[in-house]
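# Observations on chain architecture
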Amino acid sequence: MRPSEPFQPSTAYLTHLAGETAGRLSRATVTDSPYAGAPPPLADAVEAAATELAGELDDVVARLHEHPETAYEEHRSVATLVELLARHGIAAETGVHGVDTAFRAEVSGRRDGPTIAVLAEYDALPGLGHACGHNVIAAAAVGAFLALAGTVARDPDAVAGRVVLLGTPAEEGHSGKEVLARNGALDGVDAAIMVHPYGYDLADQVWLGRRLLRWTFTGVSAHASAQPFMGRNALDAATLAYQGVGLLRQQLPPVDRVHAVIVEGGTRPSIITERSVVQLYARSKYPQTLKDLSRRLDDVAAGAALMTGTRVEIDWDQHPPSLPVRTNDALTGRWVRAQRRRGRDPLPAGVVPETIAASTDFGNVSYRIPGIHPLLRIAPPDVALHTAEFAAAAAGPAARTGALDGAVGLALTALDYLCDAELRDAVDAEFAAQGGPLDVPHYFD
Ligand SMILES: [Zn+2]
Ligand SMILES: [Zn+2]
């Protein structure tokens, strides 16, 4: 027999993508903001306050990295963050909005202003630790909040409005932010901002909407040799459905993604399979196209069941769906201005290929209220999220610098939002022009 080995894919396409990215990088137009933002002395004070926290933020980056906790298990991480807040005189509430490992803290200036939320993620990946760098997100968010809180405490009349720090667990695979939002976490909040570490500084990037799907096919068991004609084969149904997904792909928009595994396919070759289970992820760039993709996948499953004389149960959303991220350009402009103070120049959308796209539960926030989810470089460009290399980077010197620069960026963006009514009007007008808020919990009904 001729031996066969796994065939390492060619890197030719990746090389082309990198070359195209480099070309777009050299031609990239600079994102800017026409708005005034906060008064410069106030912005300087907030940046200085964040810088003073550098040592404590380094500590957060390291401590969360050393003890990674996965979705809804982030007790120790929450304790680390809440203790840091307490040392600065801030009492955070834990177990808020129906989730044990969520937390919330607030600081208010003058009462007559808007509310902006800074979101902190801190969950890790099973087996990979902080390979998505959420330890850096946590440090940046808490740092931003403390810098603003300190400034407001020194001069409560300087800022109008309220800053909410929201600890949002279980981003990886669980859409924790959707659970919090359904339990009122964003009620009374006008805008939400966060930052995510990455291999580039990006002002904006495509994030795909994602839904989980499970197909359970039920057939009729029979002896596979004696009476196969008396069986109806659930594994055949799963196989046809899997093939159907493969054929469907040619007729999908370019960045739609469907991936599947057959997790149950029977017990013995001599028994016609009575039950089979397929698990899938479906991803798409827009809410509308994700809805369309969902309908087509329902048809694939129903068709496979009909062909094989089996029944299919279609279970969507074992965890809440994630919508794509809808970015607010007016807020993004302020983020970019703040990053330039730190010697960074975030790239506009479209420079890094959108085919390198994942999903985030921040999408669900961004379809409720205006928000941003920019990316911050802490690793070389060729290091992907969810790898051992990215986990290593999330504990290195670039992660610590990133946490501080992220803290300054979030703090100044929030400050600009609270101080500049013209900016807020632009943020709201843009959000309305994008279609306004979506009824996220019922979008796929
Ligand atoms: Zn991730
Ligand atoms: Zn992540």
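Residues numbered from 1 in each chain as written. Chains lettered and ligands numbered in written order. Predicted model: local features only at pLDDT ≥ 70, side-chain atom pairs only at ≥ 80, totals over all residues. Heavy atoms only, no water.

### Focus on the overall build of the protein chain
Scanning the protein chain from terminus to terminus reveals 13 helices and 12 strands. In terms of overall size, the protein chain behaves like a compact globule, its C-alpha atoms giving a radius of gyration of 24 Å where 445 residues would be expected to give roughly 22 Å. The dimensions of the protein chain, computed from C-alpha atoms along their principal axes, are 85 × 45 × 45 Å. The buried share of the protein chain, reckoned over its 445 residues, is 55%. A total of about 19,200 Å² of accessible surface is found on the protein chain, and carbon and sulfur atoms cover 53% of it. (Helix = DSSP H or I, 4+ residues; strand = E, 2+ residues; numbered from the N terminus. Rg over C-alpha atoms; globule rule 2.2 N^0.38 Å. Buried < 20%, exposed > 50% of the residue type's maximum accessible area, 1.4 Å probe, protein only. Areas by Shrake-Rupley, 256 points an atom, 1.4 Å probe, with all protein chains shown as cover.)

### Some remarks on a negative patch on the surface
Residues D190, E422, D425 and D428 make up a contiguous surface patch of negative charge. Structurally, D428 is set in helix α13 (residues 421–433). Of the residues examined, D428 reaches a relative accessible area of 41% and is grouped as partly exposed. (Patch = residues over 30% accessible without salt bridge, like charges linked within 9 Å, V, L, I, M, F, W, Y side chains within 5 Å. Salt bridge = Lys/Arg side-chain N within 4 Å of Asp/Glu carboxyl O. Lys, Arg positive; Asp, Glu negative; His and termini not counted. Charge placed at Lys NZ, Arg CZ, Asp CG, Glu CD.)

### Overview of the nonpolar core
In terms of nonpolar packing, the biggest core is built from 105 residues, with L85, F145, L165 and L415 touching the most fellow members. For L165, the contacting residues outside a window of four places in its chain are L85, F103, R104, A105, V118, A120, A141, V142 and F145. In terms of nonpolar packing, the next biggest core, distinct from the first, is built from 29 residues, A237, A241, V245 and V278 among them. (Core = buried A, V, L, I, M, F, W, Y, C linked by side-chain atoms within 4.5 Å. Contact = heavy atoms within 4.5 Å.)

### A short note on the coordination of the zinc ion (ligand 1)
Distances from the zinc ion (ligand 1) to its protein donors, C132 (SG), E172 (OE), E172 (OE) and H386 (NE2), fall within 2.0 to 2.8 Å. Of note is the zinc ion (ligand 1), whose 4 donor atoms meet at the metal with angles of 51 to 148° in an arrangement that counts as irregular. The two metals, the zinc ion (ligand 1) and the zinc ion (ligand 2), are separated by 3.1 Å and share C132 as a common coordinating residue. Here E172 lies in the loop between β4 (160–167) and α6 (176–182) and C132 lies in the loop between β3 (110–120) and α5 (134–154), a separation of 40 residues in the sequence. Exposure class is identical for C132 and E172. Each is buried. (Donors = N, O, S within 2.8 Å, 3.2 Å for Na, K, Ca; no water. Tetrahedral: all angles 85-135°; square planar, octahedral: opposite > 155°, others 65-115°.)

### Some remarks on the coordination of the zinc ion (ligand 2)
Bound to the zinc ion (ligand 2) on the protein side are C132 (SG), H134 (NE2) and H196 (NE2), at distances that span 2.1 to 2.3 Å. In the primary structure, the donors to the zinc ion (ligand 2) are separated according to the pattern C-x1-H-x61-H.

### Focus: the domain arrangement of the protein chain
The domain architecture assigned to the protein chain consists of domain 1 (26–207 + 325–442) and domain 2 (209–316). Using only C-alpha atoms to locate each centre, domain 1 and domain 2 end up separated by 38 Å. At the junction of domain 1 and domain 2, the tally comes to 1 salt bridge. Between K285 and E354 there is a salt bridge; the shortest N-O distance is 2.7 Å. Along the contact surface separating domain 1 from domain 2 lie 2 residue pairs in polar contact (both at pLDDT 80 or more). (Domains from an automatic or database assignment. Polar contact = N/O pair within 3.5 Å; in protein donor to acceptor, adjacent residues only side chain to side chain.)

### Remarks on the pattern of salt bridges
Side-chain pairs of opposite charge can arise where the charged atoms are in close proximity. Within this structure, the stated rule accounts for 26 salt bridges. Across the salt bridge formed by D59 and R63, the nearest N and O atoms sit 3.7 Å from each other. Note that D59 and R63 are positioned in helix α3 (residues 54–66) at a spacing of 4 residues, about one turn of the helix. Residues joined by salt bridges that share partners form a network here, namely D44, E47, D201, R341, R342, R344 and D405.

### Some thoughts on the packing of aromatic side chains
If you walk through the whole model with that rule in mind, you get 3 aromatic pairs. For the ring pair W215 and F217, a centre distance of 6.4 Å and an interplane angle of 70° mean the geometry is edge-to-face. By relative accessible area, which is 0% here, F217 ends up buried. When the centroid spacing of 4.9 Å and the interplanar angle of 85° are considered together, the rings of Y443 and F444 count as edge-to-face. Summarising the burial analysis for this pair, Y443 and F444 share the class buried. When the ring centre of W316 is taken as origin, the NZ or CZ atom of R211, which lies over that ring, is 4.1 Å away. Lying across the ring of F444, R211 places its NZ or CZ 4.1 Å from the centre. (Phe/Tyr/Trp six-rings, centres within 6.5 Å; stacked < 30°, edge-to-face > 60°. Lys NZ or Arg CZ within 6 Å of the ring centre and 35° of its normal.)

### Comments concerning the packing of α5 against helix α12 (residues 397–419)
Running from N to C, α5 and α12 cross one another at 45°; their axes reach a closest spacing of 7 Å. Between α5 and α12, the angle falls in the class oblique. The hand of the α5/α12 crossing is right-handed. Across the interface between the two elements, V136, A139, A140, A141, G143, A144, A147 and L148 from α5 touch A399, G402, A403, G406, A407, L410, A411, A414 and L415 from α12. (Axes fitted to C-alpha atoms, helices over the stretch in contact; angles between N-to-C directions. Parallel < 35°, antiparallel > 145°, perpendicular 65-115°, else oblique. Left-handed = near helix turned anticlockwise from the far one by under 90°.)

### Examining the pairing of β3
In this structure, β3 lies alongside β4, joined through 7 bridges in parallel fashion. Bridge pairing in β4 places A117 opposite V164. In the classification by handedness, the crossover that spans β3, the intervening α5 and the parallel β4 is right-handed. Pairing of β3 with strand β5 (residues 191–193), which is carried by 3 bridges, proceeds in the parallel orientation. Within the sheet, the bridge partner assigned to V118 lies in β5 and is I193. (Pairing = 2+ DSSP bridges. Right-handed = clockwise from strand over helix to strand, strands pointing away.)

### Description of the sheet that holds β3
The strand order across the open sheet built from 6 strands is β1-β2-β4-β3-β5-β11, with neighbouring strands paired in mixed fashion. The sheet is open, and its two borders are formed by β1 (93–94) and β11 (371–372), each paired with just one other strand. The sheet contact formed by β5 and β11 spans 2 bridges and is parallel. Directly across from I193, in β11, lies its bridge partner I372. Sheet strands in contact with helix α4 (residues 75–87) are β1, β2 (103–108) and β4, and its direction is about 20° off that of β2.

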